[in-house]
Amino acid sequence: MKLNSKITVAVNPSIQYLLFNLSADGTIHYSVFEGKFLEVVMKALGLPYNLVFPEDGLVGDEISPGNWTGMMGIIQRDEADLAYTHLPINEQRNKLVDFSRFYSMEEYVFVFTISRSKKKSPLTLFLSFQN
């Protein structure tokens, strides 16, 4: 990417993570956390940019050696300078692109009840899944 050039950003809109509206004059109005975060990052860069979208609406997977779908395919084919969305990292994607540092983390919590008669141990959680 050349400095002072227009940046092309691949995005994949999502109700949960990234929403925006485009006004008649071309102004982008972001909503939801990731949309607002993208807006802040792009303003901080201070460079003009445009958004591109994967035709298939996917983040992207390797469908054959060197052939990617979705946003990953857009990056692989040099159709965008960067991709931005809620993007799960896996080994194949990590070989294709460089990822930024994490800026959020999701936690999964298991909530269950156990019988008072059962012995408590670190493995008690798994007893809940037995018949």
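Residues numbered from 1 in each chain as written. Predicted model: local features only at pLDDT ≥ 70, side-chain atom pairs only at ≥ 80, totals over all residues. Heavy atoms only, no water.

K.L.:
Mind showing me how you'd approach unusual backbone geometry here?
P.N.:
Trans peptide bonds make up most of the peptide bonds, and negative phi angles are found at most residues other than glycine. Phi is positive for Asp 78, close to 60 degrees, though the residue is something other than glycine. By secondary structure assignment, the location of Asp 78 is in the loop between α2 (70–76) and β7 (82–84). (Helix = DSSP H or I, 4+ residues; strand = E, 2+ residues; numbered from the N terminus.)

K.L.:
Honestly, the environment of Ser 14 in this entry has me stumped. Any pointers?
P.N.:
Along the chain, Ser 14 falls in the loop between β1 (7–11) and β2 (19–22). Counting along the chain gives 43 residues from Ser 14 to Gly 57, while the straight-line C-alpha distance between them is 9.6 Å.

K.L.:
Please explain the sheet that holds β1 as it appears in this structure.
P.N.:
Sheets are built from strands paired through backbone hydrogen bonds, the pairs being either parallel or antiparallel. One open sheet holds the 3 strands; their spatial order is β4-β1-β7, and the pairing between them is parallel. Each end of this open sheet is capped by a strand with a single partner; those strands are β4 (49–52) and β7. On average, adjacent strands in this sheet sit at an angle of 35 degrees to one another, irrespective of strand direction. Examined bridge by bridge, β1 and β4 share 4 bridges and lie parallel to one another. Note on β4: the bridge partner recorded for Ile 7 is Tyr 49. Contacts from helix α1 (residues 32–45) reach β1, β4 and β7 within the one sheet, and its direction differs from that of β1 by about 170 degrees. (Pairing = 2+ DSSP bridges. Axes fitted to C-alpha atoms, helices over the stretch in contact; angles between N-to-C directions. Contact = heavy atoms within 4.5 Å.)

K.L.:
Sorry if this is basic, but what is going on with the pairing of β2 here?
P.N.:
Working note: regular strand, side chains alternate between the two faces of the sheet. Examined bridge by bridge, β2 and strand β3 (residues 28–31) share 4 bridges and lie antiparallel to one another. Paired with Leu 22 across the strands is Ile 28, a residue of β3. In this antiparallel pair of consecutive strands, β2 and β3, the connection spans 5 residues, and Gly 26 shows a positive phi of 90 degrees.

K.L.:
I'm lost on the nonpolar core in this one. Help?
P.N.:
Taken as a class, soluble globular proteins show a tendency for nonpolar side chains to be buried jointly. Within the largest apolar cluster, 11 residues are counted, these being Ile 7, Val 9, Val 11, Leu 18, Phe 20, Tyr 30, Leu 38, Met 42, Leu 47, Leu 51 and Tyr 84. Among the elements of the structure, β1 and α1 are those that each provide at least two residues to this core. Broken down by element, this core gets its largest block of residues, 3 residues, from β1. Look past the residues within four positions of Phe 20 in its chain and what remains in contact with it is Val 11, Pro 13, Ile 28, His 29, Tyr 30, Ser 31, Leu 51 and Phe 53. Ala 10, Met 72, Ile 74 and Ala 80 belong to the second largest nonpolar core, which has 8 residues in total. (Core = buried A, V, L, I, M, F, W, Y, C linked by side-chain atoms within 4.5 Å. Buried < 20%, exposed > 50% of the residue type's maximum accessible area, 1.4 Å probe, protein only.)

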